[in-house]
Amino acid sequence: MKRTYYLTIDIGASSGRHIVGWEVDGEIKTDEVYRFKNGVKQSSGHLVWDIPELVESVKLGIKAAFVKYGELESLAIDSWGVDYILMNESEAIAPCYAYRDNRTEQAISEVHKIIAFRQLYKRTGIQFQPFNTIYQLYEDLKSGRLEQATDFLMIPEYLNYILTGVKKREYTNATTTGLVNARTGEYDRQIIDRLNFPQRLFTELYMPGNEVGMLKSDVCREVGGSTKVVLCATHDTASAVEGIPMPDDSPYISSGTWSLLGIKVDRAITDENSLKANYSNEGGIGYYRYQKNIMGMWVVNRLKDELSPDKSFTEIVAEAKTSVFEGYVGVNEEKFLAPESMKAAFDSSFEGKNGPVTTGDYYRCAFNSLAQSYCEALKELSENTGKTFDKLYIVGGGAKNELLNELTERQCKVRVIALPIEASALGNIKQQIKRGKQYV
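Quick caveat: nothing in here was measured; it's all calculated off a predicted structure.

1. A closer look at the overall build of the protein
Right, so step 1: Broken down by element type, the protein carries 16 helices and 20 strands.
Right, so step 2: The C-alpha radius of gyration of the protein comes to 21 Å, within 12% of the 22 Å expected for a compact globule of 440 residues.
Right, so step 3: Residue burial in the protein is summarised as follows: out of 440 residues, 60% are buried.
Right, so step 4: Long-range contacts, defined as pairs at least 24 residues apart, comprise 71% of the intrachain contacts of the protein with a sequence gap of at least 6.
Right, so step 5: When the accessible surface of the protein is split by element, carbon and sulfur atoms take 48% of a total near 18,400 Å².
Right, so step 6: Charged side chains in the protein number 52 positive and 59 negative. The centres of these two groups are separated by 3 Å.

Written as structure tokens, this is what we have:
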């Protein structure tokens, strides 16, 4: 029997993967055919994404998939949320700012003068983050960038447009903007009006499973084949939750550059406790992801770049294991978001105290701090939902870190079920397979 192959393009803040998947006797098999680096760049004093380079990497990976597998039933793209590309008809308006850029500092207070955050949260259920799309767009409004914008597309939507020529907005990623009403699942027109955003930018949202379109003829020639592009849950965490084999209602952590800790709920929870704890209600497929965006492997990766650039991740974990340093820092503090020196940021937390000394101490401190932040978020999750938890599923790159898993078990007093899988890619493929069966 002829196999049907699906291509997932899963793009994170530091790398992207092209993974071909297929089903054999109910089990999904995968093959990574292409991997590329991704990252922010400095431009005119701002942090931006190199979108032309990203587009080229996406096409090269599609080409690699066609070379190896010949035919693809479909492809779907997921990526991080929040960031977007403004469009003037068919042209992108450069630059594409990265969420770690600090351009929203003044915009945040101005937005909250117009609509208090308490009101925003009640309507959208989205946690406060200084880089939320709502604040980025308000800065674009102030700078005049929105005057020439006819559309705005989240990163996967823009890539889909480049491949197909079709602009189609997807629901799960849209919820990360802080502009989607948690009750209706559509853009909140009252928020948009009050902030004076152009209504033309906010068009219909589509659920995962919808077709975007076929690859354009010129793209087909570049990549060596033709296939359809479909919508998965284009926010990578939404796809990751779809990819976690959870037989129960336990909490999860999608561990990567960021750690997303949460649980599936039937309705958005926007009460006072959730507001104070800064929990988010992001869109899932038939449910909400009641979760908190907390620091992830970013702090460790930055320490490694600074202290041990030539060492492997295995080596730095081994160093951390030999350290007896038990201190920790508040890794969710703003100073750890994008410091020039991550080591200096750690040092500043220990002024007048005995801080880390060896490189192993710094890594141990980072892992201790991440485990502690997981415990705090898990305690809030239990209090806000009225549920108690004895298990915690961890997926993504961070799930491979045995030391962090041990520290999390010890500090949080739960059983950690570590699944070192490419959860976003797996969830993406599962959605494509399910869609494919519906259209047989």
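From this point on, the discussion continues.
2. Notes on the sheet that holds strand β5 (residues 46-49)
Strand pairing in a sheet relies on backbone hydrogen bonds. The paired strands run either parallel or antiparallel.
Right, so step 1: Overall, antiparallel pairing links the three strands, which are arranged β4-β5-β9 in an open sheet. The two strands at the open ends of the sheet, each matched to only one other strand, are β4 (40-43) and β9 (96-97).
Right, so step 2: Pairing of β5 with β9 involves two bridges; the strand directions are antiparallel. Paired with W49 across the strands is C96, a residue of β9.

3. A look at the sheet that holds strand β16 (residues 258-265)
Right, so step 1: Pairing in this open sheet of six strands is mixed, and the strands run β17-β18-β16-β15-β19-β20 from one edge to the other. Bordering the open sheet on either side are β17 (280-283) and β20 (415-419), each of which pairs with just one other strand. Averaged over all neighbouring strand pairs, the angle between strand axes comes to 30 degrees, with direction disregarded.
Right, so step 2: Inspection of the sheet shows β16 paired to strand β18 (residues 288-295) by eight bridges, in the antiparallel sense. Its bridge partner lying in β18, W258 is registered against M295.
Right, so step 3: Taken strand by strand, helix α15 (residues 402-412) contacts β19 (391-395) and β20, and its axis lies near 155 degrees from that of β20.

4. Comments concerning helix α2 (residues 105-114)
Right, so step 1: Within α2, burial applies to A107, I108 and V111. Here the buried residues of α2 occupy an arc of 105 degrees about the axis, which is enough to place them on one side. Those residues of α2 that are exposed and angled more than 90 degrees off the buried face are E105, Q106 and K113.

5. As for the state of the cysteines
Right, so step 1: Taken as a whole and judged by the stated rule, the model has one disulfide.
Right, so step 2: Here C375 connects covalently by a disulfide to C412, the sulfurs 2.5 Å from one another. Sign of the S-S torsion, about -105 degrees for the bond between C375 and C412, identifies this disulfide as left-handed. With C375 in helix α14 (residues 359-385) and C412 in helix α15, the pair connects residues that are 37 residues apart, well separated along the chain.
Right, so step 3: Residue C375 is classed as buried on the basis of its relative accessible area, which comes to 13%.
Right, so step 4: Here C220 stays free of any disulfide, with the sulfur of C232 as its closest cysteine sulfur at 20 Å.
Right, so step 5: Free cysteine: C232, not disulfide-bonded; nearest cysteine sulfur from C96 at 18 Å.

6. Let's talk about the nonpolar core
Right, so step 1: Membership of the largest hydrophobic core comes to 129 residues, with the highest contact counts inside it found for F197, F346 and F367.
Right, so step 2: Looking at this core, the element that brings in the most residues is α14, giving 12 residues.
Right, so step 3: Non-local contacts of F346, meaning those with residues more than four positions away in its chain, are made with V299, L303, V329, F336, Y362, C365 and A366.

7. Description of the packing of aromatic side chains
Right, so step 1: For the coordinates displayed, the defined rule picks out 20 aromatic pairs.
Right, so step 2: With a centroid separation of 4.4 Å and 40 degrees between ring planes, the pair formed by W49 and W80 is classed as tilted. Here W49 is found in strand β5, whereas its partner W80 is found in the loop between β6 (74-79) and β7 (84-88), with 31 residues between them in sequence. Like W80, W49 is buried.
Right, so step 3: Relative to F346, the ring of F336 has its centre 5.3 Å away and its plane inclined at 75 degrees; by these criteria the two rings are edge-to-face. Of the two residues, F336 is situated in the loop between α12 (313-322) and α13 (342-348) and F346 in helix α13; the sequence distance between them amounts to 10 residues. Like F336, the residue F346 is buried in the burial classification.
Right, so step 4: Put simply, the rings of Y84, Y138, F152, Y187, F197 and F202 pair up and form one aromatic cluster.
Right, so step 5: The cationic tip of K167 hangs over the ring face of Y161; the distance from NZ or CZ to the ring centre is 5.3 Å.

8. Overview of the pairing of β18
Right, so step 1: Extensive coverage of β18 is indicated by the burial of eight of its eight residues.
Right, so step 2: Here β17 runs beside β18; their pairing, made up of four bridges, is antiparallel. What sits directly across from G283, in β18, is Y288.
Right, so step 3: Two successive antiparallel strands, β17 and β18, enclose a turn made up of four residues, where G286 displays a positive phi of approximately 90 degrees.

Basis of the calculations
Residues numbered from 1 in each chain as written. Predicted model: local features only at pLDDT ≥ 70, side-chain atom pairs only at ≥ 80, totals over all residues. Heavy atoms only, no water. Helix = DSSP H or I, 4+ residues; strand = E, 2+ residues; numbered from the N terminus. Rg over C-alpha atoms; globule rule 2.2 N^0.38 Å. Buried < 20%, exposed > 50% of the residue type's maximum accessible area, 1.4 Å probe, protein only. Contact = heavy atoms within 4.5 Å. Areas by Shrake-Rupley, 256 points an atom, 1.4 Å probe, with all protein chains shown as cover. Lys, Arg positive; Asp, Glu negative; His and termini not counted. Charge placed at Lys NZ, Arg CZ, Asp CG, Glu CD. Pairing = 2+ DSSP bridges. Axes fitted to C-alpha atoms, helices over the stretch in contact; angles between N-to-C directions. Arc of directions from axis to C-beta. Disulfide = S-S within 2.5 Å. Core = buried A, V, L, I, M, F, W, Y, C linked by side-chain atoms within 4.5 Å. Phe/Tyr/Trp six-rings, centres within 6.5 Å; stacked < 30°, edge-to-face > 60°. Lys NZ or Arg CZ within 6 Å of the ring centre and 35° of its normal.

These results come straight from atomic positions and should not be treated as a statement about function.
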